[in-house]
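An overview of the molecular structure
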Amino acid sequence: MAEGKESKEIISVAQLKENYDIAYSNYNKIFRKMIVLDAVNRSKLWQTIGATFPDYQILPDTNWVNYIVSNLVASIYTVTKSAHLLPTSEDDRELVEHINIALDYIWDTAEVGDYQTRAGSYAALFNLGVTQVGWDSKANKGKGNITLKNINPLRYMRDPFAVSLDTAGYCMTWEELHKSVIASDARYREKFQEFLTKQESVAATSAPPLERSDRANASIAKDYYQIFTHFVKHVDDKGNCKLAEIHTVNNEHIIYSNMDVKPAEFPFAELFCNLPDGDIFGTSEPAKILSNNIAYNILNSMMLTAEYKNQRPPKFISSSSGLNIRTFAKYGNEADHTFIVNGDASRAVHYHQYPAPSATAINQKAGLAADIQVTSGVDGRYTGRDTGSVI
């Protein structure tokens, strides 16, 4: 099968969609927790938990998740130099020196260290960082420049029943692109136009389909389409295992395919912060302390809001005091104002006193902070793990 041609008899759109549905059914719960982690890491804790608060509620965001991620990235995943080979004999010394020079050149020109750091950021937060490795589009007969691309783990799935990429049957990524970007890609142009023509004819004769917002192929902005890149292992007529790369638009129409990718290995490097131990992703340090992070900020909010409320309590004014209520309401909380009242001034106004925070609240908050540091292993003296630390 020639590169770029659709292969209905080997791998159909229906098969690719089935792979997606099977993977998504296993990744769905994991993705939901990852979305919460990502939002909390970006200081969107209170929007994420979805609680409703009164206008006067103070909502601090002590971001333990980001604190842990930043420390892990700085201590483990910030790598500024590539590995070097060591010669095993004098005869190999010159060859190894040339190889090391080439490795350093590739490391610098391909900015491998930057991609490693970005993958490390994902690994520290989600426990998985994914980097796609390949050759540029100008590669000729296996020769070309190395290309790297960081993949958001929220847009990456592999065979959920495989323990690693080596035993996986398929994996996939996806991204949203404007139709002008898709149409400008020579690989997609013809097939994408076929898809658009087909969509126009379907839209003219049927109602729009229902969409689910929790799906990767949910409805997106007008003129934007999701391009799925599927990598699927298959066996040819001679019994040889091949790797196919197939691109679809909205998982509905194949717009590009290469049925014999070389080498026949998935072009991804998975970086785990903690070994998954049979789980798809495993558990990251931020995931372990997420509940404590939420509890810490809720307790902090309660304490601060209680103090704020007691600084601006409701006022009960005696009708016999003769106070100008409008003036007192405007200036009653300010210093250097004088008010004339009838009778005993101490009886003119009563200030309501809200309950003060528990005397143990500060200790409870300190206990949560200590639990977070013990669970994550990251505290004020953290300088990286025994293995992999560069500090």
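Preceding this section is the structure that the text describes.
For clarity, every value in this text was computed on a predicted model and none was experimentally measured. (Residues numbered from 1 in each chain as written. Predicted model: local features only at pLDDT ≥ 70, side-chain atom pairs only at ≥ 80, totals over all residues. Heavy atoms only, no water.)

**Brief notes about the overall build of the protein chain**
The helix and strand tally for the protein chain stands at eleven helices and ten strands. A buried classification covers 37% of the 391 residues belonging to the protein chain. Counting contacts in the protein chain only where the partners sit at least 6 residues apart, residues at least 24 apart contribute 66% of the total. On the protein chain, roughly 23,300 Å² of surface is accessible, and the fraction owed to carbon and sulfur atoms is 52%. (Helix = DSSP H or I, 4+ residues; strand = E, 2+ residues; numbered from the N terminus. Buried < 20%, exposed > 50% of the residue type's maximum accessible area, 1.4 Å probe, protein only. Contact = heavy atoms within 4.5 Å. Areas by Shrake-Rupley, 256 points an atom, 1.4 Å probe, with all protein chains shown as cover.)

**With respect to helix α5 (residues 112–126)**
If you check α5, its first and last C-alpha atoms are 21 Å apart, about what 15 residues at 1.5 Å a residue would give, namely 21 Å. Of the positions making up α5, those classed as buried are G113, Y115, A119, G120, A123, A124, L125 and F126. (Expected span 1.5 Å × (residues − 1).)

**Topic: the nonpolar core**
F31, V65, L72, M157, F266 and F268 are the most contacted members of the largest nonpolar core, which totals 63 residues. For this core, the leading source of residues is helix α1 (residues 13–41), giving nine residues. Aside from chain neighbours lying at most four places away, what touches F31 is Y24, P153, L154, Y156, M157 and W174. With eleven residues, the next largest nonpolar core counts Y188, F195, I227 and I255 among its residues. (Core = buried A, V, L, I, M, F, W, Y, C linked by side-chain atoms within 4.5 Å.)

**With respect to the pattern of salt bridges**
Pairing between side chains becomes possible if they bear opposite charge and their charged atoms approach one another. Summed over the entire model, instances satisfying the criterion amount to 13 salt bridges. Of the charged contacts in the structure, one is a salt bridge between E175 and K149, with a shortest N-O distance of 3.7 Å. One end of the pair, E175, is in strand β4 (residues 170–178); the other, K149, is in strand β2 (residues 146–151), and 26 residues separate them in sequence. Since its relative accessible area comes to 38%, K149 is described here as partly exposed. (Salt bridge = Lys/Arg side-chain N within 4 Å of Asp/Glu carboxyl O.)

**So, the sheet that holds strand β1 (residues 128–135)**
If you trace the three strands from one edge of the open sheet to the other, you get β2-β1-β8, paired in antiparallel fashion. Only two strands of the sheet have a single neighbouring strand rather than two, namely β2 and β8 (268–272). Each neighbouring strand pair of the sheet contributes to a mean axis angle of 25 degrees, computed without reference to strand direction. Sheet analysis places β1 next to β8, joined by five bridges and oriented antiparallel. (Pairing = 2+ DSSP bridges. Axes fitted to C-alpha atoms, helices over the stretch in contact; angles between N-to-C directions.)

**Focus: the environment of D166**
With respect to the helices, strands and loops of the structure, D166 is situated in the loop between β3 (156–158) and β4. You can call D166 exposed: its relative accessible area is 68%. Sequence separation of D166 and E265 is 99 residues, and the distance between their C-alpha atoms is 7.9 Å.

**Remarks on unusual backbone geometry**
At the junction of K262 and P263, the peptide bond is cis and its omega measures out at -5 degrees in the coordinates. With respect to the secondary-structure elements, P263 resides in the loop between β7 (253–258) and β8. Even without a glycine there, the phi angle at S43 is positive, about 60 degrees. Within the secondary structure, S43 is located in the loop between α1 and α2 (45–49). Positive phi is not limited to glycine here, since N251 has a value of about 55 degrees. Following the sequence through the fold, N251 ends up in the loop between β6 (241–249) and β7. Since its relative accessible area comes to 5%, N251 is described here as buried.

**A closer look at the sheet that holds β4**
To summarise the sheet geometry, strands pair through backbone hydrogen bonds and adopt either a parallel or an antiparallel arrangement. Here we have five strands laid out as an open sheet, ordered β3-β4-β5-β6-β7, and antiparallel in their pairing. Looking at the sheet topology across the chains shown, the edges are occupied by β3 and β7. Across the sheet, the mean angle separating the axes of adjacent strands is 20 degrees when strand polarity is ignored. For β3 and β4, the ladder comprises three bridges, and the chain directions are antiparallel. For R158, the partnering residue across the bridge sits in β4 and is C171. In this fold α1 packs onto β3, β4, β5 (224–235), β6 and β7, with an angle of close to 110 degrees to the strand it touches most, β3.

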